[in-house]
Amino acid sequence: MRSILLVFLVTTIVTTSPPAQTTEGAAWILLYHHVSNTTPEATSITPEMFDEHLDFLARNEYRVVSLSEVVTRLVSDELDSRSVAITFDDAYKSVYTQAFPRLRERRWPFTIFVNTDAVDRKSNAYVSWAQLREMEQAGGSIGNHSRSHAHLAAHRANESSEQWRARVSADIVHARQRLAAELEQPLALFAYPYGEFTPELTALVRSLGYRAFGQQSGPLGWGVAELAIPRIPLAHGFADLASLSEKLRTRHLPVRVLQPASPVLQPNAAAPTLELQIATGPFDLSQLACYVSNQGRAKLNWRADEPRVVQVKATRALPVGRSKYTCTAPATNAPGVYYWYSHLWLQPQPDGSWYDG
Ligand SMILES: [Zn+2]
């Protein structure tokens, strides 16, 4: 018995392969901003289409659960493939006027990630603290979306790592203090502004006691990083029922990112190479396909010297701003189901400064 255990330990230590997938469970976190006909299309869903989404979830017997429950299931490896959580970023007014009445009527939980300065400024575009309290008492929960909603991953000119850390930490802690002062029970959950994260930022967010969410699309599943949890953005162009239905048929493709360590590219960088080691699971790797935002398919190069390691590369340089590589492979045991992994890239401006928006 002891020798078997020893062999297992040695194997675990020396192997470079990720372990086999332990569960096929999944969950999905939906991400909305505005629910309105009059706000920018890129971050809006119409109230009518939002109704259709809620009807679709009910009709197909998804369980709309709290974000906390989904995270608990994720970290304890108990995802049940029926759970969906609904989230809103930025605390826009239409979340209160349009989304909240519809969710309250169904008694479905939801989460709002609040950038606190926007609420403290009492802008008409945003909800008030009183409205947030009302929603919190009626099935809503509130998470941290920073104080400033700045590009937190960006360093200012001549800013040292220590200065960056102090500035960004103060931003997030201020938001935490405002949420704690105004609300009953704010969550220890953080949503990165613009969905932008780097290893430096995820380490800082972890040190503040948070788990955190991006905006890279994808399901939850075994192996998802707790500091870069994907959500499914549903807005203009990707908000129809076919898109929603397709996303809810995805499972997490379990990968280990071998390189690069950071999504931030050099100014004027050539198309980046993403090297992934893919765990085993019930999907067909021979049909792996990777896509680049606004470009189409990426080139794949399977390493001959390393099992299940693939290099993914766009055919053209990525534009300034955020891009993604998304890799999918069809399930071998469920028709129409795709295993899915989406990888974030951040391309600064040619002069090295961060972009706006
Ligand atoms: Zn935001």
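All residue numbers refer to position in the chain's written sequence, counted from 1. Local features are withheld for residues below a pLDDT of 70 in this predicted model, meaning they are given only at 70 or higher, and side-chain atom pairs are given and counted only at 80 or more; totals for whole chains, interfaces and linings count all residues. To get the side-chain values, take all heavy atoms of the structure and skip hydrogens and water.

## Points about the side chain of Ser217
For the purposes of this entry, the term helix denotes a DSSP run of H or I that reaches at least four residues, the term strand denotes a run of E that reaches at least two, and both are numbered from the N terminus. With respect to the helices and strands, Ser217 occurs in the loop between β9 (211–213) and β10 (232–233). By the convention used here, residues are in contact when the closest approach between their heavy atoms is within 4.5 Å. Apart from residues lying up to four places away in sequence, Ser217 is in contact with Pro230, Arg231, Ile232, Pro233, Lys247, Trp340 and Ser342.

## Some remarks on the packing of helix α7 (residues 161–182) against helix α8 (residues 199–207)
Lines fitted to the C-alpha atoms define the axes, with helices restricted to the stretch that makes contact. Angles between their N-to-C directions range from 0 to 180 degrees. Between α7 and α8, the least distance of the axes is 11 Å, while the angle of their chain directions is 50°. One element, α7, and the other, α8, form an angle in the oblique class. Between α7 and α8 the crossing geometry is right-handed. Of α8, the residues touching α7 (which contributes Ser161, Trp164, Arg165, Val168, Ser169 and Ile172) are Glu200, Leu201, Leu204, Val205 and Ser207. Looking at the contact of α7 with α8 residue by residue, the class counts come to six nonpolar, three polar and two charged. Any angle that falls under 35 degrees is termed roughly parallel, while one over 145 is termed roughly antiparallel, one within 65 to 115 roughly perpendicular, and all others oblique. Crossings are classed by handedness, with left-handed meaning an anticlockwise turn of the near helix from the far one by less than a right angle and right-handed meaning a clockwise turn. When residues are grouped by polarity, Ala, Val, Leu, Ile, Met, Phe, Trp, Tyr, Cys and Pro land in nonpolar, Asp, Glu, Lys and Arg in charged, and all others, Gly among them, in polar.

## Observations concerning the packing of helix α4 (residues 93–106) against helix α6 (residues 129–136)
What describes two packed helices is the angle between their axes and the distance between those same axes. Between α4 and α6, whose axes approach to 11 Å, the crossing angle comes to 15°. Between α4 and α6, the angle falls in the class roughly parallel. Considering the relative orientation of α4 and α6, their crossing is left-handed. Contact residues: α4 offers Lys93, Val95, Tyr96, Phe100 and Arg104, while α6 offers Gln131, Glu134 and Met135. The residue makeup of the contact of α4 with α6, split by class, is four nonpolar, one polar and three charged.

## Regarding the coordination of the zinc ion
Water is not among the atoms examined, so metal sites may look incomplete; donors are the N, O and S atoms within 2.8 Å of the metal, or within 3.2 Å for Na, K and Ca. Within the protein, the atoms that donate to the zinc ion are Asp90 (OD), His145 (NE2) and His149 (NE2), at distances of 2.0 to 2.1 Å. Within one chain, the residues donating to the zinc ion are spaced in sequence as D-x54-H-x3-H. Residue Asp90 is located in the loop between β5 (83–89) and α4, and its partner His145 is located in the loop between β7 (140–144) and α7; the two are separated by 55 residues in the primary sequence. The class of His145 is buried, set by a relative accessible area of 1%. When a residue's accessible area, from a 1.4 Å probe over protein chains only, is under 20% of the maximum for its type it is buried; when over 50% it is exposed; and in between it is partly exposed.

## Thoughts on the nonpolar core
Counting 38 residues, the largest nonpolar core has Ile86, Phe88, Ile112 and Leu132 as the members making the most contacts within it. Sorting the residues of this core by element identifies β1 (27–32), α2 (47–59), β5, α4, β6 (110–114) and α6 as the ones contributing at least two each. Take this core: its biggest share by element is five residues, from α4. Among all residues touching Ile86, those that are not within four sequence positions of it are Leu30, Tyr32, Leu54, Leu57, Val64, Leu103, Trp108, Pro109, Phe110 and Thr111. By nonpolar core is meant a set of buried Ala, Val, Leu, Ile, Met, Phe, Trp, Tyr and Cys residues that side-chain atoms within 4.5 Å join together. In terms of nonpolar packing, the next biggest core, distinct from the first, is built from 26 residues, Leu274, Leu285, Val292 and Tyr325 among them.

## As for the domain arrangement of the protein chain
Start and end positions for the domains come from either an automated domain assignment or a database one. Each domain of the protein chain was delimited in the assignment, giving domain 1 (27–250) and domain 2 (256–347). Between the C-alpha centres of domain 1 and domain 2 the distance comes to 25 Å. Here domain 1 packs against domain 2, burying approximately 1100 Å² in sum over the two surfaces, 67% of which is carbon and sulfur. By buried area we mean how much accessible surface two parts lose on assembly, using a 1.4 Å probe and totalling the loss over both. Among the residues domain 1 hides against domain 2, the three largest losses belong to Gln216, Arg249 and Thr250. Together they make up 33% of the total. Salt bridges are identified by distance alone: a Lys or Arg side-chain nitrogen within 4 Å of an Asp or Glu carboxyl oxygen. For the pair domain 1 and domain 2, the interface holds one salt bridge. When the shortest N-O distance is used, the salt bridge between Arg322 and Glu196 registers 2.7 Å. Pairs of N or O atoms are called polar contacts if they sit within 3.5 Å, as long as, within protein, a hydrogen donor faces a hydrogen acceptor (for residues adjacent in sequence, only side-chain-to-side-chain pairs). Taken together, domain 1 and domain 2 are joined by five residue pairs in polar contact (both at pLDDT 80 or more). Looking at the side of domain 1 that touches domain 2 residue by residue, the classes come out as four nonpolar, eight polar and three charged.

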